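# Structure at a glance
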Amino acid sequence: MDLRRVVVTGCGALTPLGNSVEEYFSSLKEGVSGAGTLTKFDASKFKTNFACEVKGFSVEGIIERKEARKMDLFTQYAMVASDQALKDSGIDPNSIDLTKAGVVLGSGIGGMNTTMAQITEFAQGNGTPRFNPFFIPKSIIDIAPGMVSMKYGFRGPNYSTVSACASSTNAMIDAMMIIQTGRADVMITGGSEAIINQAGIGGFNALHALSTRNDSPQTASRPFDASRDGFVMGEGAGCFVLENYEHAKRRGATIYAEIIGGGMSADAHHMTAPHPEGLGAIEVMQKALNDARINPEDVDYVNVHGTSTPLGDIAEVKAILQTFGSHAYDLNISSTKSMTGHLLGAAGAVESLACILSLQENVVPPTINHTENDPNIDSRLNLTLNAAQERNVRIAMSNTFGFGGHNASVVFKKFEG
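In this report, the structure presented in the accompanying data block is examined. (Residues numbered from 1 in each chain as written. Predicted model: local features only at pLDDT ≥ 70, side-chain atom pairs only at ≥ 80, totals over all residues. Heavy atoms only, no water.)

## Regarding the environment of Glu-235
The cut-off we apply is this: Helical segments are the DSSP runs of H or I of at least four residues, strand segments are the runs of E of at least two, and each set is numbered from the N terminus. Only protein chains enter the calculation, and the probe is 1.4 Å; a residue is then buried if its accessible area is under 20% of its type maximum, exposed if over 50%, and partly exposed in between. N or O atoms closer than or at 3.5 Å make up a polar contact, with two conditions inside protein: a donor-capable atom paired with an acceptor-capable one, and, for residues adjacent in sequence, both atoms drawn from side chains.
Residue position: Glu-235 is located in the loop between helix H8 (198-206) and strand E7 (236-244). The buried category is assigned to Glu-235, whose relative accessible area is 1%. When the C-alpha positions of Glu-235 and Pro-296 are compared, they lie 32 Å apart, and in sequence the two are 61 residues distant. A polar side-chain atom of Glu-235 sits 2.8 Å from the main-chain amide nitrogen of Val-54.

Now the structure itself:
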């Protein structure tokens, strides 16, 4: 079966570094941290009292306030980033076959803000079950793509992917395959997450997953550094318009990049810890390379999962060395989580955007906050430490790995017609 080419024609971003694609990538290149003391709630009694929050968020002009109250914050984020991407693509929904236009969005946790608020109100009340009629619709993860499809009338494939931190990468791979096989011409894809609340911070603290560097939030996310002590919670959304190349060509679309392959695998090892030798990560990168029909030496940049956890960073580096061999030393490798924090189910989307823009601008964003080499991490690798690096980036890969052993990698190529 001949697979159709798939290109990226629109991008949207809502991140701790800015509420547009331009703000986001400008801050990445400058090595800006999005971390700061929590403002969403009083976290003084928590082990961690900082995060990478979205600042100055507004639904104005995109969602009516009355309608926004029926949506959890993660859905609002998805709506805003999707709107940015669709406008950026130049697609007029009235001019395309809406039965061939769909939405696949990922989220790891979904409407936790709504769930926490409703259960808290019930527990603090007199036991009378007076739940908000929108409690369930606001909470379920699939409501985000559902609401996006309703806004634009897209009647093609519509669903969510849930694979913890790999969720939005899985969504993009699914959207790519849907277009490749002719089931749609246009797909909005990506992911969103919004769980910076008491349950989110408290729950990850209980797992000992979060950094507790409360005296210096902006330097807390430090992938590969010997003193790393956990990840920094982030929030936001990243969305794309993926399109059949011929469809995009006919309408004269501006093309950001071509998405040429994706891989998926499982560690089958542990609930939260990666395989110590990175076996699932090796498998997923090899599958992504095979699907893209490229060789390891064709890749220029890998945006790694790189969460700043003691075990995860080492396992991923081992996997890169095993997958790429001697070419690993010629790669640029970076973890943009050092700046955005970990957006969980939305991580793959915002990090894929970093890959796409690196292809556009021939610059690799850095891994910031590095001060001390970890003896367990090969110092010969170019981890793009503390400053962006210029490079002709033709092919870039994005890795995301989630609790439960879910692994997903996606490959983008500079568009060359």
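## With respect to the pattern of salt bridges
If charged atoms from side chains of opposite charge come close, those side chains can pair. The criterion, for reference: Every case where a carboxyl oxygen of Asp or Glu lies within 4 Å of a side-chain nitrogen of Lys or Arg is listed as a salt bridge.
Tallied over the full model, the rule gives 17 salt bridges. Residue Glu-258 is joined to Arg-5 by a salt bridge in which the shortest nitrogen-to-oxygen separation is 3.0 Å. With Glu-258 in strand E8 (residues 257-266) and Arg-5 in the segment before strand E1 (6-14), the pair connects residues that are 253 residues apart, well separated along the chain. Look at Glu-258 and you get buried, because its relative accessible area is 10%. On the accessibility criterion, Arg-5 (31% relative accessible area) is partly exposed. With its nearest N and O atoms 3.7 Å apart, the salt bridge here joins Lys-287 to Glu-283. A residue pair is termed a helical-turn pair when its members lie 3 or 4 positions apart in one helix, as Lys-287 and Glu-283 do in helix H10 (residues 279-292) at four residues. Here Glu-283 falls in the partly exposed class, since its relative accessible area comes to 35%. Through salt bridges with shared partners, a single ionic network connects Arg-228, Asp-313 and Asp-374.

## Side note on the packing of aromatic side chains
Using the following cut-off: Pairing of aromatic side chains requires ring centres within 6.5 Å, counting the rings of Phe and Tyr and the six-membered ring of Trp. Pairs whose planes differ by under 30 degrees are stacked, by over 60 edge-to-face, and all others tilted. Two conditions define a charge located above a ring, namely a distance within 6 Å from the ring centre to NZ of Lys or CZ of Arg, and an angle within 35 degrees of the ring normal.
Applying the stated criterion across every chain yields a total of eight aromatic pairs. Considering the side-chain rings of Phe-41 and Phe-46, the 5.4 Å spacing of their centres and the 70 degrees angle between planes classify their relative orientation as edge-to-face. Grouped by ring-pair contacts, the aromatic residues Phe-122, Phe-131 and Phe-135 constitute a single cluster. The ring of Tyr-245 is capped by Arg-5, whose NZ or CZ atom sits 4.4 Å from the centre of that ring.

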